[in-house]
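# Structural overview
So you can see what is in the structure, the chains are spelled out below.
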Amino acid sequence: MDDLERIAAEITAYYRVLDECATRRHHFRHADEEGGLWYIEAVPDRGELIVIKQAELTAAGQLHRYSWEHLEDEHGGLTDQAIDPGQDPLEAIPAEEFQRVWTR
């Protein structure tokens, strides 16, 4: 296994553990300047909120989903930056709203 494969495996494992072991989840929505909506599921880790799932619903109606199972593709990828609801333009939403979009 080369270094890039090892790093990718470690990143995937990190997000998977966060997802599978989370006892508290936070859900947010964000509208982008192109008319798309971003849906985010985040969990606390070491004092930060880490995004473990994110779905982009484009203005054209396309849905792109990212998680430990699918970190990135030609449209984008799971953010590697912690979020801060007090600083980032995010709207808290119910878990059911996030799930409705995620499972669409």
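Relevant structure appears above.
Conventions we followed
Residues numbered from 1 in each chain as written. Predicted model: local features only at pLDDT ≥ 70, side-chain atom pairs only at ≥ 80, totals over all residues. Heavy atoms only, no water. Phe/Tyr/Trp six-rings, centres within 6.5 Å; stacked < 30°, edge-to-face > 60°. Helix = DSSP H or I, 4+ residues; strand = E, 2+ residues; numbered from the N terminus. Buried < 20%, exposed > 50% of the residue type's maximum accessible area, 1.4 Å probe, protein only. Core = buried A, V, L, I, M, F, W, Y, C linked by side-chain atoms within 4.5 Å. Contact = heavy atoms within 4.5 Å. Pairing = 2+ DSSP bridges. Axes fitted to C-alpha atoms, helices over the stretch in contact; angles between N-to-C directions.

### Notes on the packing of aromatic side chains
This structure, assessed with the given rule, holds two aromatic pairs. Ring centres of Tyr 14 and Tyr 15 lie 5.2 Å apart, and the angle between their planes is 65°; this geometry places the pair in the edge-to-face category. A centroid spacing of 5.7 Å and a plane angle of 15° characterise the contact between Phe 98 and Trp 102, whose relative ring orientation is stacked. With Phe 98 and Trp 102 both in helix 2 (residues 95-102) and four residues apart, this pair spans about one turn of that helix. In this structure Phe 98 comes out as buried when scored by relative accessible area, which is 0%. We classify Trp 102 as buried; its relative accessible area is 14%.

### Side note on the nonpolar core
Judged by nonpolar contacts, the single largest core of 15 residues is most densely connected at Tyr 15, Phe 28, Ile 40 and Ile 83. Contributing elements (two or more residues each) for this core: helix 1 (3-21), strand 2 (37-45) and strand 3 (48-57). Here this core takes four residues from strand 3, the largest share from any one element. If near-sequence neighbours (up to four positions away) are discounted, Phe 28 is found in contact with Trp 38, Tyr 39, Ile 40, Leu 49, Ile 83, Pro 85, Leu 90, Glu 91, Ala 92 and Ile 93.

### Considering the sheet that holds strand 7 (residues 91-92)
One open sheet accounts for five strands, arranged 4-3-2-1-7; its pairing is antiparallel. In the strand order of this sheet, the two ends are held by strand 4 (63-66) and strand 7, each with one partner. Here strand 1 (residues 26-31) runs beside strand 7; their pairing, made up of two bridges, is antiparallel. Note on strand 7: the bridge partner recorded for Arg 29 is Glu 91. Helix 1 contacts strand 2 and strand 3 of the sheet and is inclined by roughly 95° relative to strand 3. Against the sheet, helix 2 contacts strand 1, strand 2, strand 3 and strand 4, and its axis sits at roughly 120° relative to strand 2.

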